[in-house]
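Chain by chain, the residues run as shown.
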Amino acid sequence: MVAWIKRMISSLVSRRRVARDTGPVAFQTLSKEMRELAEIASRVWPDEPSFQSRIKSIQEEMDQLDELTAKPEFRLLPLQKRVELRESLLHSKTQLMDTVSTAPPPTTRPQ
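Throughout what follows, the structure given in this document is the object of discussion. (Residues numbered from 1 in each chain as written. Predicted model: local features only at pLDDT ≥ 70, side-chain atom pairs only at ≥ 80, totals over all residues. Heavy atoms only, no water.)

**With respect to the overall build of the protein chain**
The test is simple: Only DSSP runs of H or I with at least four residues qualify as helices, and only runs of E with at least two residues qualify as strands; both kinds are numbered from the N terminus onward. Radius of gyration: over C-alpha atoms. The globule rule applied is 2.2 Å multiplied by the number of residues raised to the 0.38 power. Three exposure classes are used, based on accessible area relative to the maximum for each residue type with a 1.4 Å probe and protein chains only: buried under 20%, partly exposed in between, and exposed over 50%. Every residue pair with non-hydrogen atoms within 4.5 Å of one another is taken to be in contact.
Per the secondary structure count, the protein chain includes 4 helices and 0 strands. The C-alpha atoms of the protein chain give 19 Å as radius of gyration, which overshoots the globular expectation for 111 residues (13 Å, by more than 25%). Projected onto the principal axes, the alpha-carbon positions of the protein chain cover approximately 70 × 35 × 15 Å. The 111 residues of the protein chain split such that 21% are buried. Residue pairs at least 24 apart in sequence account for 76% of intrachain contacts in the protein chain once pairs closer than 6 positions are excluded.

Laid out in structure tokens, this is it:
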């Protein structure tokens, strides 16, 4: 009986966590972070046209994501699709952070 109650509580907690992580607010927060990272990355390499175009496309995609999450139809997406989208966003965020961290120094002169 006690084991059954523990399993039920564990199941409830995991469902609540997944619901919180795949809700519209979580995606809006992630898109805001991605836009901020894209802004930082655009300042790191301002003279790279191809990189700047990639940054611009990231910002546009985050705007589209915000529009999508603002609609009530977003909650009708299957849970698996939302989980995949979240994982993809987290992967993209990690890649963008790696890009920013590997930026060359602004000057060749030692400080």
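**Quick word on the pattern of salt bridges**
Inclusion rule: Salt bridges are counted wherever a side-chain nitrogen of Lys or Arg sits within 4 Å of a carboxyl oxygen of Asp or Glu.
All told, the structure shown has 6 salt bridges when counted by the stated rule. R86 is the salt-bridge partner of D21, the closest N and O atoms lying 3.9 Å from each other. Separated by 65 residues along the polypeptide, D21 in helix α1 (residues 2-21) and R86 in helix α4 (residues 79-101) bring together distant segments of the chain. For D21, a relative accessible area of 23% translates into the label partly exposed. Look at the salt bridges and you will find they share partners, linking R35, D63 and D66 into a network.

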